[in-house]
Amino acid sequence: MKHSPGFLKIVDDARRRIRELSVADVKAMLDRREEFELVDVREESEWARGHLPHARHLSKGIIERDVEATYPDPMTKLVLYCGGGYRSALVADNLQKMGYSNVYSMDGGWRGWNEAGFLTEKP
């Protein structure tokens, strides 16, 4: 997908302040059964076509509104993903501004996960 220059500019800005994990990092964390919350920030229609195992859906459009009710502890380890790692970077930046300090964005997102051949689930 080709992104507009303005969108890429705000994503690049957010990436200077957040931490990112690779698809392989997240897969290894799942395999080791590490304690963290995997959050899909894609749109409902994207979620319906499939998602990562053990993920919870809180789309970019509502996560800032609902995150405190869903994850009241701001120390909860949250790993966010979207289609390619752009929207999740923006969400990670916003959640950090809200006081969440253990937030990561999965670089590569859904596309990278699928390209690696890792298992997915459908609702």
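Residues numbered from 1 in each chain as written. Predicted model: local features only at pLDDT ≥ 70, side-chain atom pairs only at ≥ 80, totals over all residues. Heavy atoms only, no water.

1. Comments concerning the pairing of strand S5 (residues 103-106)
Thinking step 1. Burial along S5 is two-sided: the residues Val103 and Ser105 and Tyr104 and Met106 are all buried.
Thinking step 2. For strand S1 (residues 19-21) and S5, the ladder comprises three bridges, and the chain directions are parallel. Along S5, the bridge assignment pairs Leu21 with Met106.
Thinking step 3. Pairing of strand S4 (residues 78-81) with S5 involves three bridges; the strand directions are parallel. (Buried < 20%, exposed > 50% of the residue type's maximum accessible area, 1.4 Å probe, protein only. Helix = DSSP H or I, 4+ residues; strand = E, 2+ residues; numbered from the N terminus. Pairing = 2+ DSSP bridges.)

2. Remarks on the pattern of salt bridges
Thinking step 1. Inspection of the entire model under this criterion finds 12 salt bridges.
Thinking step 2. The network of salt bridges with common partners includes Asp13, Arg16, Arg17, Asp93 and Lys97. (Salt bridge = Lys/Arg side-chain N within 4 Å of Asp/Glu carboxyl O.)

3. As for the layout of surface pockets
Thinking step 1. Estimated volume of the largest pocket: approximately 170 Å³.
Thinking step 2. What lines the largest pocket is simply Met29, Leu30, Arg33, Glu34, Phe36, Glu37, Leu38 and His54.
Thinking step 3. Taken together, the residues of the lining of the largest pocket sort by class into four nonpolar, one polar and three charged. (1 Å grid on protein atoms, 1.4 Å probe; cavity = no way out; pocket = protein on both sides within 12 Å on 5 of 7 lines; lining within 4 Å. Points joined across faces, edges and corners; volume = space filled by probe spheres on them. Nonpolar A, V, L, I, M, F, W, Y, C, P; charged D, E, K, R; others polar.)

4. Examining the nonpolar core
Thinking step 1. Membership of the largest hydrophobic core comes to 19 residues, with the highest contact counts inside it found for Val39, Ile63, Leu78, Leu80 and Leu95.
Thinking step 2. Looking at this core element by element, the count peaks at five residues for helix H5 (residues 87-97). (Core = buried A, V, L, I, M, F, W, Y, C linked by side-chain atoms within 4.5 Å.)

5. Comments concerning H5
Thinking step 1. Listed in full, the buried residues belonging to H5 are Ser88, Ala89, Leu90, Val91, Ala92, Asp93 and Leu95.
Thinking step 2. Two residues or fewer past H5, Gly99 is found with a positive phi of approximately 105°.

6. Overview of the sheet that holds S1
Thinking step 1. As summarised here, the arrangement of the five strands in space is S1-S5-S4-S2-S3, forming an open sheet in which the pairing is parallel. Strands at the two margins of the open sheet, each flanked by one partner only, are S1 and strand S3 (55-57). In this sheet, adjacent strand axes meet at a mean angle of 35° when their direction is disregarded. (Axes fitted to C-alpha atoms, helices over the stretch in contact; angles between N-to-C directions.)

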